[in-house]
Amino acid sequence: MSPDLQTRIRQCAHDAGFDLCGVAPVRDFAELRVFPTWIADGKHGDMKYLEARDVAGELKRASLARVAPWARSLVVCALNYNTRHPCSTDLHNEAASSGWISRYAWSRADYHDAVLRRLKQAEKGLRDLLEETGHWIPGTRQLRSYVDTGPLIERVYAKYAGIGWIGKNTCIINQQLGSWLFLGVILTSLDLAEHDITASLPAPDRCGTCTRCITACPTQAIVAPGELDARLCISYLTIEKRGEIPNQLRPAMGRHVFGCDICQDVCPWNRKAPVTTAHEFEPRPGLVNPDLDWLAEMQPEEFRETFRGSPVKRAKLSGLRRNAVVAMGNSGNKKFVPALNQLCEDPDPLVAEHARWALATLNVDMG
Ligand code: B12
Ligand code: SF4
Ligand code: SF4
């Protein structure tokens, strides 16, 4: 691929609104080889979709070459979602009456839609470019965009596309932009990476001797540099985990009600992270530091209305209320006692059980 074509591919992504773009080849990278062991150890918890296998019984996410044999390279794109708002680690709320929703879920925009829309636009630009340069073969599958749901581990390809390095917190970190990045990929049937220097030179690891994220993680979910036990991660517990949260993990969840940003909030590479130019990521009022009683007592209609088009929907109303009740228990704030007394009788047994735990925790804390 000529340097000119590389530049023009990046231009397509930038024109579509992405902050970063690079090209990676489809290869059996070392990082992919640890995935089967990670799954076999059960570190994915209840996220069954990560166990998806092909007809030969192999894990789909371990080898893109098997699931998409037509694909030769990936155009990896990244979108900055950082806004000028505080970090969870700056949360010094004496009254402790509010919870914490992750930075990525404050706005009205679901990032899947926001990224996919841009990927489709970049795809169109790429197609025009490939037609113009004689690389397009009509009638064959040549481009396919994914955000999250593709049978691939996006961070590994982002690394080899030069977007950033995989930090000890497992996130992709870019030296200039930090880690508040959404990733999206376009699979292509072309050997775009063949002569691309970013493809053979992954972004260098700049974590160095730092271990802030590992130390700061309240549940010790980062079990080795770059390896997460998702079952312990607050993000998993508050978003993906259905049913009861294991008792022993509840105290360490603090006041997190949806996702967790701690291992990124403490990362020095995020200290000077620039703010996004995409206005759709501006937080909607009330979500940066939401009142816990508001969330715990939320009714279906208000949930639908408040979180329409938001990633928070994934937790479902029952899960979000469960999380808010746990946060009340961890708040040390006795103003929640009357509300929790009522929530112990809640028609949702999940909420009622966690409310009993929260009440007992508050009573113990209050002596
Ligand atoms: C499942 C999932 C989760 C799970 C599990 C996360 C995990 N670390 O495994 C949970 C629910 C916990 C989660 C949480 C979050 N997620 Co998530 N998640 C995904 C998803 C859908 C799949 C990831 C996956 O396959 N994990 C499996 C594990 C094994 O893969 P991995 O952690 O990426 O690990 C690889 C590397 O660590 C690598 N590796 C790194 N170092 C080393 C060292 C050695 C020696 C070796 C051999 C390997 C190795 O090997 C692993 C592959 O085998 C991706 C989208 C996608 N399709 O890729 C988004 C994705 C990773 N998530 C994302 C985000 C934003 C988050 C949160 C920040 C959301 C939040 N605020 O709560 C947190 C971050 C928590 C964290 N520290 O990772 C972004 C990451 C953006 C970025 N800058 O990195 C993604 C890419 C979504 C997107 N399209 O933008 N997530
Ligand atoms: S997201 Fe939170 S719980 Fe998960 S690894 Fe990072 S700091 Fe730990
Ligand atoms: S906090 Fe330190 S070790 Fe963790 S990802 Fe950031 S630079 Fe790497």
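Residues numbered from 1 in each chain as written. Chains lettered and ligands numbered in written order. Predicted model: local features only at pLDDT ≥ 70, side-chain atom pairs only at ≥ 80, totals over all residues.

(A) Structural detail: the overall build of the protein. In terms of helices and strands, the protein carries 15 helices and 10 strands. For a compact globule of 367 residues, the expected C-alpha radius of gyration is about 21 Å, and the protein comes in at 22 Å, within 12% of that figure. Across its three principal axes, the protein shows a C-alpha extent of roughly 75 × 45 × 40 Å. Contacts in the protein between residues far apart in sequence, at least 24 positions, make up 80% of those at least 6 positions apart. (Helix = DSSP H or I, 4+ residues; strand = E, 2+ residues; numbered from the N terminus. Rg over C-alpha atoms; globule rule 2.2 N^0.38 Å. Contact = placed C-beta atoms within 7 Å.)

(B) Structural detail: the site of ligand 3. In the region of ligand 3, the neighbouring residues are G167, K168, N169, C207, C210, T211, R212, C213, V266, C267, P268 and W269. The residue makeup of the shell around ligand 3, split by class, is 7 nonpolar, 3 polar and 2 charged. (Near = placed C-beta within 6 Å. Nonpolar A, V, L, I, M, F, W, Y, C, P; charged D, E, K, R; others polar.)

(C) Examining the domain arrangement of the protein more closely. One can read the domain layout of the protein as domain 1 (3–85 + 105–200) and domain 2 (212–271 + 283–365). For domain 1 versus domain 2, the distance between C-alpha centres works out to 30 Å. (Domains from an automatic or database assignment.)

(D) Structural context of the site of ligand 2. With respect to spatial proximity, the complete set of residues near ligand 2 consists of N169, C217, T219, A221, I222, L228, C233, I234, S235, C260, I262 and C263. The class makeup of the residues in the shell around ligand 2 is 9 nonpolar, 3 polar and no charged.

(E) Region of interest: the pairing of strand β7 (residues 181–188). In terms of residue burial, β7 counts as a mostly covered element, since 8 of its 8 residues are buried. Along β7, one buried face is formed by L181, L183, V185 and L187 and the opposite face, lined by F182, G184, I186 and T188, is buried too. In the sheet, strand β2 (residues 73–80) pairs with β7 via 8 bridges, with the strands oriented antiparallel. Residue N80 lies in a different strand from β7, and its bridge partner there is L181. In the sheet, strand β4 (residues 143–146) pairs with β7 via 4 bridges, with the strands oriented antiparallel. Bridged to S145 within β7 is I186. (Buried ≥ 20, exposed ≤ 12 C-beta atoms within 10 Å, placed from the backbone. Pairing = 2+ DSSP bridges.)

(F) Broad picture of the sheet that holds β4. Spatial ordering of the open sheet is given by β1-β2-β7-β4, a layout of 4 strands whose pairing is antiparallel. The outermost strands of the open sheet, each flanked by one partner alone, are β1 (20–25) and β4. The mean inter-strand angle of the sheet, taken between neighbouring strand axes irrespective of direction, is 20°. In this structure, β1 lies alongside β2, joined through 6 bridges in antiparallel fashion. Its bridge partner lying in β2, G22 is registered against V76. Along the sheet, helix α5 (residues 111–132) makes contact with β2, β4 and β7, crossing β7 at roughly 35°. (Axes fitted to C-alpha atoms, helices over the stretch in contact; angles between N-to-C directions.)

(G) Looking closely at the nonpolar core. Among the nonpolar cores identified, the biggest contains 103 residues, and L74, V75, V76, C77, A78, Y157 and V185 are the most heavily contacted of them. Ranked by residue count, the leading element in this core is α5, at 7 residues. Built from parts of two domains, this core gets at least three residues from each of domain 1 (3–85 + 105–200) and domain 2 (212–271 + 283–365). The residues contacting A78, other than those within four sequence positions of it, are F18, D19, L20, A158, I163, L181, F182 and L183. (Core = buried A, V, L, I, M, F, W, Y, C linked by C-beta atoms within 7 Å.)

(H) Inspection of unusual backbone geometry at higher detail. Of note, the phi angle at D148 is positive, near 70°, even though the residue is not glycine. Tracing the backbone through its elements, the reader meets D148 in the loop between β4 and α6 (154–160). The exposure class of D148 is partly exposed, given the 15 C-beta atoms found within 10 Å. Residue Q220 is not a glycine yet carries a positive backbone phi of 55°. Take Q220: it is sitting in the loop between α8 (212–216) and β8 (222–224). Assessed through the 11 C-beta atoms surrounding it within 10 Å, Q220 is described here as exposed.

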